[in-house]
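Structural overview
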Amino acid sequence: MIQAQAERHLALTTLLEDLRRDGVLADADYQQGLSIRRNKGEENLHPLTVLARQNFTDARSGKTLSEETLVAWLAQRNKLEHVTIDPLEIDVSAVTAQMSYAFSERHNILAVKVSKDEVTVASAEPFVSGWMPDLEHTTRRMVKRVLAAPADIDRFRVEFYQLANSVNRAGQAHTGISSVQNLESMLELGKAKAPDANDEHIVNIVDWLLQYAFDQRASDIHIEPRREVGHVRFRIDGVLHNVYELPAQVSQAVVARIKSLGRMNIAEKRRPQDSRLKTKTPGGEEVELRLSTLPTAFGEKLVMRVFDPSVLVRSFADLGFSKEDKRRWDQMTTNNHGIVFVTGPTGSGKTTTLYTTLKTLATPEVNVSTIEDPIEMVEGSFNQMQVNPAIDLAFADGVRALLRQDPDIIMVGEVRDLETAEIAVQAALTGHLVLSTLHTNDAPSAFTRLQELGLPAYLIKSSVLGVMAQRLVRTLCPHCKEPQAADEKDWKQLTSPWLVKAPEKIYQAKGCLECRGTGYLGRMGIYEVMPMSNTLENLITDTTDHSKLRQAAMKEGMHSLRLSGAHKVAAGLTTVSEVMRVAPLSKF
């Protein structure tokens with residue numbers, strides 16, 4: 001009798017009764033639950049999944065009873081640990097080696113963690129444990145049972161085992177690739193033995209990799225070769241996460257497959273290459289991928305940057321512009337001639353800001369043209385040209401060509417040298433609005449940078465309308481952020497040298513299912529907007545003093561990056577530590 005009770009599967013009526021008894025389900029929802037009839041094709045659905053689909057309200061919190069909430073309640077009730085399966089935290093090759101797919105499916109379980117002495121197995125049945133002795137015998141490890149959502153177990157079982165099967169099949173057929181460090185030798189020895197880039201298993205791995213990246217909101221996908229393995233990493237909200245380790249030969253074939261899709265030269269592995277690829281997310285939305293390869297000691301490293309076309313239609317408020325930032329930015333970009341610079345390091349959102357601005361400016365009455373390296377997002381409302389060093393088409397050559405195309409607004413991807421700076425300034429002086437980027441730490445540094453390139457002070461004063469520096473900070477997850485009292489010391493360090501009073505309440509990152517335990521969800525910009533004025537013009541000389549220029553800009557209302565970030569902290573959008581991580585120290 002005790003054994004029968006121990007192996008009892010969950011039943012819908014019993015769950016409803018327990019939920020009502022624990023005060024989780026109101027009487028009205030309980031009565032409605034008793035009348036649930038499963039539709040055709042839903043006969044095998046787990047009772048927890050069936051309940052979650054009813055969208056009942058948790059009588060304790062007023063929130064919807066999701067599958068995760070139900071599993072957490074069930075785990076607490078039965079004194080078991082509840083886990084949320086996070087594929088980024090799981091060693092897929094290790095967990096799939098602990099049991100066969102058939103065993104996992106038969107018992108509706110999934111290994112989620114493996115150590116030397118223990119294997120952690122997720123189940124959705126707290127009263128079923130008959131499979132544990134068999135698994136302990138075959139794995140020679142102790143089994144720790146935890147509860148997880150049945151829908152997650154079903155989904156990730158298929159994904160994990162399909163991926164592991166594709167990697168194993170691709171690797172088994174192509175063993176013996178040399179791991180010689182010398183790149184030339186490795187390429188020579190691997191030519192005939194590497195898996196075919198169009199092999200069915202390689203295609204499956206690439207498809208999984210891309211869909212998984214879109215699902216996890218990755219902005220970059222890195223495939224990095226090492227001596228024995230290839231590391232796959234995703235950058236999510238500005239932070240890199242390890243995702244998977246592929247055997248070296250499989251990693252090479254995956255890179256070859258992606259190069260083939262991007263119409264790169266597959267045979268050329270000694271030179272860096274760039275390309276682009278357009279695909280669709282599982283939801284059907286088009287996504288641009290920018291591909292870049294780099295030869296390393298162990299083979300080709302590939303980085304795919306994910307560009308979501310939806311960023312082109314985002315508002316300035318969505319990008320993080322305050323009303324004052326927007327006013328000052330419009331003051332610079334609504335002129336019909338002159339040059340405006342956006343500055344910041346790589347990955348600080350400069351291109352997104354320029355695209356959003358151009359999208360706003362590109363009315364039917366004007367001709368908007370760009371010269372980029374490379375074209376990062378294709379947009380139909382302006383004319384885009386790409387730098388091509390192979391045919392001696394540099395930025396300066398592109399701007400000269402654009403000037404013969406009757407342009408009104410020109411975007412120059414980046415000012416890197418004196419020639420490009422001079423032609424961009426000439427375009428600005430001859431009646432065109434020019435937008436471009438520079439790599440500097442803050443807005444005032446743009447003027448000294450232009451002078452370092454060799455541009456005379458009188459040309460800078462007569463052409464530059466203003467400069468905006470920017471950074472990206474992670475925004476707090478709205479589902480789990482928690483209020484806390486502001487730390488006076490941290491706040492003073494953030495806002496120094498201004499005497500800004502600390503807010504009574506700020507928020508801190510906690511971590512939940514929605515943000516994958518990081519406490520952050522998405523990113524937004526912080527800005528330092530510096531329009532040109534008569535006072536600032538007078539300070540730009542052959543020996544421009546950066547500190548005096550900055551101090552004068554501050555007196556005219558320019559907020560530093562850290563002060564801009566402090567306003568976001570006070571508004572409950574981000575944290576002090578996040579702003580201090582990305583923004584340079586404010587100085588006069």
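First, a word on what this report is: a plain description of the structure on this page.

Rules of the game
- In this convention, every chain numbers its residues from 1, walking through the sequence in written order.
- Two thresholds apply to this predicted model, a pLDDT of at least 70 for residue-level local features and 80 or more for giving and counting side-chain atom pairs, whereas whole-chain, interface and lining totals are computed over all residues.
- In computing side-chain properties, one takes all heavy atoms of the structure into account and sets aside hydrogens as well as water.
- Secondary structure counts use DSSP, requiring at least four H or I residues in a row for a helix and at least two E residues in a row for a strand, with both numbered from the N terminus.
- Only protein chains enter the accessibility calculation, which uses a 1.4 Å probe; a residue whose area is less than 20% of its type maximum is buried, one above 50% is exposed, and one in between is partly exposed.
- Two aromatic rings, drawn from Phe, Tyr or Trp (for Trp, its six-membered ring), form a pair once their centres lie within 6.5 Å of each other, and the interplanar angle then sorts them: stacked below 30 degrees, edge-to-face above 60, tilted otherwise.
- Lysine NZ or arginine CZ positioned within 6 Å of the ring centre and within 35 degrees of the ring normal marks a charge as sitting over the ring.
- For two strands to pair, DSSP has to find at least two bridges joining them.
- Every residue pair with non-hydrogen atoms within 4.5 Å of one another is taken to be in contact.
- Structural elements are reduced to axes, namely lines fitted to C-alpha atoms, with helices fitted over the stretch in contact, and the angle between N-to-C directions of any two is expressed from 0 to 180 degrees.

Although it is not a glycine, asparagine 55 adopts a positive phi angle of roughly 55°. Mapping asparagine 55 onto the fold places it in the loop between helix 4 (47-52) and helix 5 (67-77). Assessed through its relative accessible area of 53%, asparagine 55 is described here as exposed.

Right, let's talk about the packing of aromatic side chains for a bit. Scanning the entire structure with this criterion turns up eight aromatic pairs. The interplanar angle of 75° and the centroid separation of 5.4 Å between the aromatic rings of tyrosine 101 and tyrosine 161 together place this pair among those described as edge-to-face. Note that tyrosine 101 is positioned in helix 7 (residues 101-107) and tyrosine 161 in helix 9 (residues 150-172), a separation of 60 residues in sequence. Since its relative accessible area comes to 11%, tyrosine 161 is described here as buried. Three or more aromatic residues link up through ring pairs in this structure, and these residues are Trp208, Tyr212, Phe234 and Tyr244. The positively charged end of arginine 8 is found above the aromatic ring belonging to phenylalanine 127, 4.1 Å away from the centroid. For arginine 20, the ring lying beneath its charged end belongs to tyrosine 30, and the centroid distance is 4.0 Å.

Ordered in space as 1-4-3-2, the four strands form an open sheet in which the pairing is mixed. Sheet topology places strand 1 (81-82) and strand 2 (109-114) at the edges, where each strand pairs with a single neighbour. The pairing of strand 3 (residues 118-123) with strand 4 (residues 142-147) spans six bridges and is classified as parallel. Bridge pairing links serine 123 to leucine 147 in strand 4. Set on the sheet, helix 8 (residues 132-139) makes contact with strand 3 and strand 4; between it and strand 4 the angle comes to about 135°. Contacting strand 2 and strand 3, helix 9 crosses the sheet at an angle of about 65° to strand 2.

Note that all results are geometric; they support no functional claim without further evidence.
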